[in-house]
Amino acid sequence: MMTGVTVSHPHGNPNSYHTAKAFADAGLLQSFEQGFANRGFTSKVLSKLPGSRNSLKREFENLPTGSQRQHLFWEGISQLGRRLKTEGPTKDVSWYDILFYGHDWQVSKALNKEVNAVYAYEDGACNTFHAAKRTNKITIYELPAGYYAGVANELRGVKERLPELELDIKIEPQWKTRRKNREVQLADLIIVPCEWARESLRFNSIAKEKLVIKVPYGTPSDEVSTKSKRPTGPFTALFAGNISARKGVPYLLDAWSQLGLKNAQLWLVGGMRLGAPLLKQYSGMFKHFEAMSHRELLELMKKVDLLVFPSLAEGFGLVIGEAMAVGTPVLTTINTGGPELIMDGQEGWCIPPHSVRILKERIEWAYLHREELFNMGQLARQKAEKWTWAHYRQSLIEKLSPYLT
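From a predicted model like this one, the values you see are computed outputs, not experimental measurements.

Q: Where do I start with the side chain of Lys 21 in this structure?
A: Assignment of secondary structure puts Lys 21 in helix α1 (residues 14-25). Other than its neighbours up to four places away in sequence, Lys 21 contacts Glu 61, Asn 62, Leu 63 and Arg 393.

Q: Just checking my understanding: could you explain the sheet that holds strand β7 (residues 211-214) for this structure?
A: Backbone hydrogen bonds are what pair the strands of a sheet, in a parallel or an antiparallel way. With parallel pairing, 7 strands are arranged side by side in an open sheet as β3-β2-β1-β4-β5-β6-β7. What marks the edges here is a single partner per strand, and that holds for β3 (68-70) and β7. The average angle at which neighbouring strand axes cross in this sheet is 20°, direction not considered. Judged from the 5 bridges that link them, strand β4 (residues 117-121) and strand β5 (residues 138-142) form a sheet pairing that is parallel. Counted as the bridge partner of Ala 117 is Ile 138 from β5.

Q: How should I be thinking about the nonpolar core in this particular structure?
A: Where a protein is soluble and globular, its nonpolar side chains tend to be buried together. The biggest cluster of nonpolar side chains holds 113 residues, and the ones touching the most others in it are Val 7, Phe 23, Tyr 119, Leu 359 and Leu 400. If you tally residues by element for this core, the top one is helix α9 (residues 249-259), at 7 residues. In contact with Leu 359, other than residues within four places in its own chain, are Tyr 251, Leu 252, Ala 255, Val 308, Pro 310, Leu 331 and Ile 351.

Q: Would you explain helix α11 (residues 294-301) in this entry?
A: Within the span of α11, buried status applies to Leu 297, Leu 298, Leu 300 and Met 301. Seen end-on, α11 carries its buried residues on one side only, within an arc spanning 160°. Buried residues along α11 sit in contact with β8 (235-240), β9 (264-269) and α12 (318-325).

Conventions used here
Residues numbered from 1 in each chain as written. Predicted model: local features only at pLDDT ≥ 70, side-chain atom pairs only at ≥ 80, totals over all residues. Heavy atoms only, no water. Helix = DSSP H or I, 4+ residues; strand = E, 2+ residues; numbered from the N terminus. Contact = heavy atoms within 4.5 Å. Pairing = 2+ DSSP bridges. Axes fitted to C-alpha atoms, helices over the stretch in contact; angles between N-to-C directions. Core = buried A, V, L, I, M, F, W, Y, C linked by side-chain atoms within 4.5 Å. Buried < 20%, exposed > 50% of the residue type's maximum accessible area, 1.4 Å probe, protein only. Arc of directions from axis to C-beta.

Here it is, written out as structure tokens:
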């Protein structure tokens, strides 16, 4: 077994934290390269930046302090930039791109020579992998959201099925797709969290020659309590995530509109990415909440009957496991991590993407069978308890161990 692994992610999201913790628990973590965290004087000062409130809630518990390396400059620049020019410095470069590219460059310049392997993420791995290859380090690439060409294929499907929406589907610039392809080429191992993410790699000929390992993300059921009784009041369906075409929200709005349910409400939580013409068409049919903290979202999930997550192209969808952990059943698609956790019709449903008809049928059944739906939620909690983040960490190390020597 090797002596050191560097895990690199520009803002230390939950999956990268648990990856770092998996290596730490196995005594293998050399460093966790991250952005803002609730630690240190500099971070406290940067907390005064507009928009950094949620960033400073990141607390990477149970990781050796000496292994945590904060890269504050690039996340600071990207957050400040969003306040000055939301869409990015140019039409082909977003603040997300600045953050990931800058972080990747900085990590590559300071890569520890004693490290045996680097574990990095899509859009933030290219420079780091180049540096790693110069000293024969193992390169492990995680694709948390699916391969970009697979995502684009699903989004084209939206335009074909709903041409009247006149959706502006963002096309990745060539510099970025070349970079993504180079990352795949430089990877020794590719990690995906669900079967759809693995399947999306069929659009990359080089990926066919790579070893692809699937490790589904965990649920927080050992950290949160489940709801003890069925929600009262109006039947409530919840969507959480970026409110966009990629997440299938236009199909959800169409289904909800056609159903015309009485004494029912639809809540959408997250950043709004749909245009005014579409929203005007469904005015008054839903309630919009801005993005909220992880803890606030979990509490909100306890108050609803059903999480509807009809994503068209999803690496996993952490909200699926979060809803199951609090005892809320999930209606999602097969293009997510849902099939990794849900037996269709038991803890929720996994339906084909792009199908308004099936979406309507499942929502209507849930509306008419609230008691049975609550029982499905209890089964969802039981399933979530069988696949926590601790299970994820153990599985990740078990599956990687044969290659980390």
